[in-house]
Structure formats: C-alpha cells, structure tokens
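Examining the three-dimensional arrangement
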Amino acid sequence: QVPLVESGGGSVRPGDSLTLSCVVTGNIFLVGGMGWYRQAPGKQRDLVADIASDGSTFYKNSVKGRFTITRDNDKNTISLHMASLGPEDTAIYFCNAKISTYPYGDLNNSWGQGTQVTVSS
C-alpha cells in the first residue's frame, strides 16, 4: 500500500468550513480515482466524494452543494472543502486512492490514516 498523508481535520462549530488535504507519497506509476470516505462512530465507512483523473466527480447526496472535491494531478493531491458543516458531518475522514506502482500494474486501493472532523456547538 502506498502511503497517503492527510491533513486539515479539527473541531469546528455548526456552519463553519474546513478543508481536508491528502497527498500521495512514495514510489508510484499511476494514480487513478481518488476520494474521501468517512466513518462515524458505530457506522460503516461511506464514500463522501470522489474524483477521477479526468476531473469528473461524485458526491454523496447529503453533501451535495456543501462539499467540493478538487484534484491536482501534477502533485497527486486531493482536497475536500467542506462548508456549512453540521453535527451529522462528524466522523473520521479517510483519503483513498487507486494506485499502480509499476507500468501496466493493477490499480490497488491505498488509504490514509484518517483525520477526525468534529462539528459541535
């Protein structure tokens, strides 16, 4: 698994904004789709948003219009700007990327270590 380094989590109040970032490190050949998942206590890990190498995006319904995912292919980074945060957004957020480490290799899932986002008044 190729290391993914996340940053940007924290504790905020309802209505605030927060931006998460993730960078792919290590020896890579190709990065495919990248995205953000989240896992709230006692719940399964769910896809929040993802972005393909061509820039096409997908958003979970509950975050549409509030979250924006962007990608820098040159730097192998993605960011998730989260606006109008509510308590329901509280979770550990995980970066995911599909990466091959050699030519014609399969794209395998790599995960970040997770970053906590807490929204409370």
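My aim in this report is to walk through the structure given alongside it, one point at a time. (Residues numbered from 1 in each chain as written. Predicted model: local features only at pLDDT ≥ 70, side-chain atom pairs only at ≥ 80, totals over all residues. Heavy atoms only, no water.)

Evaluated as defined, the whole model comprises two salt bridges. With a closest N to O distance of 2.9 Å, Arg38 and Asp89 form a salt bridge. Residue Arg38 is located in strand β4 (residues 30-39), and its partner Asp89 is located in the loop between β8 (77-82) and β9 (91-100); the two are separated by 51 residues in the primary sequence. Judged by relative accessible area, Arg38 falls into the buried class, the value being 9%. (Salt bridge = Lys/Arg side-chain N within 4 Å of Asp/Glu carboxyl O. Helix = DSSP H or I, 4+ residues; strand = E, 2+ residues; numbered from the N terminus. Buried < 20%, exposed > 50% of the residue type's maximum accessible area, 1.4 Å probe, protein only.)

A separate point is the side chain of Glu6. Along the polypeptide, Glu6 turns up in strand β1 (residues 4-7). It is Arg45 that comes nearest to the buried, bridge-free Glu6 among opposite-charge side chains, at 7.7 Å. A distance of 2.5 Å separates the side chain of Glu6 from the backbone nitrogen of Cys95, its partner in a polar contact. Within the local environment of Glu6, its side chain forms a polar contact with the backbone nitrogen of Gly114, the two atoms lying 2.5 Å apart. (Lys, Arg positive; Asp, Glu negative; His and termini not counted. Polar contact = N/O pair within 3.5 Å; in protein donor to acceptor, adjacent residues only side chain to side chain.)

A grouping of Phe29, Leu30 and Leu107 is seen on the molecular surface, where their side chains present a nonpolar patch of about 290 Å² in accessible area. Its relative accessible area of 48% is what places Phe29 among the partly exposed residues. (Patch = residues over 30% accessible without salt bridge, like charges linked within 9 Å, V, L, I, M, F, W, Y side chains within 5 Å. Areas by Shrake-Rupley, 256 points an atom, 1.4 Å probe, with all protein chains shown as cover.)

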